[in-house]
Each structure stands twice: as structure tokens, then as C-alpha cells.
Amino acid sequence: YTFTFGIIDLLIGRIIASCFLFSTCFVNIFGLFLNYKNILSWAARSILISIMILFPFLFYDGGIENTGILWIFTTPVLAFYLQGRKEGLFWISFLFVSISTLIIFSKLGFYTIKYSDSYLYICIPIYGMICYLAYFYETTRAKSENRIKQKNLNLELLNHELELRDAILRQDLQMSKLIQT
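Residues numbered from 1 in each chain as written. Predicted model: local features only at pLDDT ≥ 70, side-chain atom pairs only at ≥ 80, totals over all residues. Heavy atoms only, no water.

Draft legend 1. Expanded view of a positive patch on the surface. A cluster of basic residues, Arg-85, Lys-86, Lys-143, Arg-147 and Lys-151, forms a positive patch at the surface. Those elements that place two or more of their residues in the positive patch are helix H4 (75–107) and helix H5 (117–180). For the positive patch, the leading source of residues is H5, giving three residues. Following the sequence through the fold, Arg-147 ends up in helix H5. (Patch = residues over 30% accessible without salt bridge, like charges linked within 9 Å, V, L, I, M, F, W, Y side chains within 5 Å. Areas by Shrake-Rupley, 256 points an atom, 1.4 Å probe, with all protein chains shown as cover. Salt bridge = Lys/Arg side-chain N within 4 Å of Asp/Glu carboxyl O. Lys, Arg positive; Asp, Glu negative; His and termini not counted. Charge placed at Lys NZ, Arg CZ, Asp CG, Glu CD. Helix = DSSP H or I, 4+ residues; strand = E, 2+ residues; numbered from the N terminus.)

Encoded structure:
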């Protein structure tokens, strides 16, 4: 998606935005390379790092027709999906602090924010709610995964025990055949 939006921004004359989007695209391609090399944790981190650079820029810049803020809502789902609960919390907190810093700087007069206060008062709690729901989902998913792993382990132990009993029964059967002859 970043490549497509980079081209769109380039065509409408938003050169800096297109540079950010193309850079993000290249970092994501690097993430795919890391994924291919089975360096999964760094592949996920490279994607999240590119998001942590791109999304505050889109918030600052406003994006096309002030849609830049809407991209932050994808972060909680991606962060928890790619990195789990603990590291996911770090990434969504980092983005929240980045956006909050930009809001504070705009209130101090360093630049003019692209969004009205009422729009921000709606978007920030929605971001928090999405973070909560994504965290709840990740917690539930992790618990289910742990239960499944435990059941698989129990089944493997049971299978091993059954194989041992089967071997003992075969040995007893062979012994009884030898005794009968």
C-alpha cells in the first residue's frame, strides 16, 4: 500500500510524503527479505519501525484530505499480531507518545495541526479502545495457543505411553508363543 500511496502523493506534488511512503515501502521489502531468511522477530520489527516513522509524519502532515490520522488505528492490531502482548504494548505506547508530543507542540505554537480539537477528542479515545480490544484479543489468542500446546503435549505423552504398552504387549505375546512351543 505504501508504494501505491507514494505514487499518488508524487503525482499530486506531495514530494516529502511520497519520500516517506517509498522509504516505508523499501523497509517493508527488507522486512520480507528478513522473513524469507527466517529472521522473523526482526522482520516484524522492521515493519513496525517503518510504521512508527510514517504514521507520526502522516499525522503531522495530515495526509491526503486529512486522512493521515486514520492510519494510526491499524497499529494496535499489527503490533500485537507481529510481536505479541509485551512488545506490542511498547509499540502502541511509542506511537501514542509520538502523536501526543505532536499535539502538545501544536498547542505550544510550533506548527499548526491539521485536525480540529473535537476531531482529536474523538480519535484519541477510539485509538485507546482499539488498543484495548487488540490487547484483549491477543491475550485470548495467546491463552488458547497455550492450551492447545498443553493438550498436544499431553497427547504426545499419551501416545508415547500407548506405544510402550503396545511394545510390552507384543513382547508378552512373543514370549507366550515361545513358551507354548
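Having put the structure on the table, let's press on.
Draft legend 2. How the structure looks around the packing of helix H2 (residues 15–36) against helix H3 (residues 40–61). Their axes nearest at 8 Å, the elements H2 and H3 cross at an angle of 170 degrees. By the angle between their axes, H2 is roughly antiparallel relative to H3. Every residue of H3 that contacts H2 at Ile-16, Ala-17, Phe-20, Leu-21, Thr-24, Val-27, Asn-28, Phe-30, Gly-31, Leu-34 and Asn-35 is listed here: Leu-40, Trp-42, Ala-43, Ser-46, Ile-47, Ser-50, Ile-53, Leu-54, Phe-57 and Asp-61. In terms of residue class, the contact of H2 with H3 is built from 14 nonpolar, six polar and one charged. (Axes fitted to C-alpha atoms, helices over the stretch in contact; angles between N-to-C directions. Parallel < 35°, antiparallel > 145°, perpendicular 65-115°, else oblique. Contact = heavy atoms within 4.5 Å. Nonpolar A, V, L, I, M, F, W, Y, C, P; charged D, E, K, R; others polar.)

Draft legend 3. Seen up close, the packing of aromatic side chains. Summed over the entire model, instances satisfying the criterion amount to 14 aromatic pairs. Ring plane angle 65 degrees and centroid distance 5.6 Å describe the contact between Phe-80 and Tyr-135, whose orientation is recorded as edge-to-face. With Phe-80 in helix H4 and Tyr-135 in helix H5, this residue pair connects regions lying 55 residues apart in the sequence. Accessibility expressed as a relative area gives 2% for Phe-80, which makes it buried. Classification of Tyr-135 by relative accessible area gives partly exposed; the value is 32%. Between Phe-105 and Phe-110 the ring centres are 5.3 Å apart and the planes differ by 65 degrees, which places this aromatic pair in the edge-to-face class. Residue classification places Phe-110 among the exposed residues on the basis of a relative accessible area of 60%. Put simply, the rings of Phe-5, Phe-55 and Trp-71 touch in pairs and so form one group of aromatic residues. (Phe/Tyr/Trp six-rings, centres within 6.5 Å; stacked < 30°, edge-to-face > 60°. Buried < 20%, exposed > 50% of the residue type's maximum accessible area, 1.4 Å probe, protein only.)

Draft legend 4. Local environment of the packing of H3 against H4. Across the interface, H3 lies against H4 with an axial gap of 10 Å and an inter-helix angle of 25 degrees. The orientation of H3 with respect to H4, classified from their angle, is roughly parallel. The handedness of the crossing between H3 and H4 is right-handed. Here the contact of H3 with H4 is built from residues that sort into 19 nonpolar, four polar and two charged. (Left-handed = near helix turned anticlockwise from the far one by under 90°.)

Draft legend 5. Expanded view of the pattern of salt bridges. Throughout the structure, instances matching the rule amount to nine salt bridges. The closest approach of N and O atoms between Asp-9 and Arg-14, which form a salt bridge, is 3.0 Å. For the pair Asp-9 and Arg-14, one class covers both residues: buried. With its nearest N and O atoms 2.4 Å apart, the salt bridge here joins Arg-141 to Glu-145. Highlighted residues: Arg-141 and Glu-145, both in helix H5, separated by four residues, approximately one helical turn. Salt bridges here are not isolated pairs; linked through shared partners, they connect Glu-138, Arg-141, Glu-145 and Lys-149.

Draft legend 6. Expanded view of the environment of Ser-41. Position of Ser-41 relative to the elements: it lies in helix H3. C-alpha separation for the pair Ser-41 and Ile-122, spaced 81 residues apart in sequence, amounts to 33 Å. In terms of polar contacts, Ser-41 uses its side chain to reach the side chain of Arg-45, at 2.6 Å. (Polar contact = N/O pair within 3.5 Å; in protein donor to acceptor, adjacent residues only side chain to side chain.)

Draft legend 7. Main features of the environment of Leu-10. Mapping Leu-10 onto the fold places it in helix H1 (residues 2–11). Each C-alpha atom of the pair Leu-10 and Glu-145 lies 44 Å from the other, and the pair is 135 residues apart in sequence. Residues contacting Leu-10, with those up to four places away along its chain left out, are Ile-15, Ser-18 and Phe-22.

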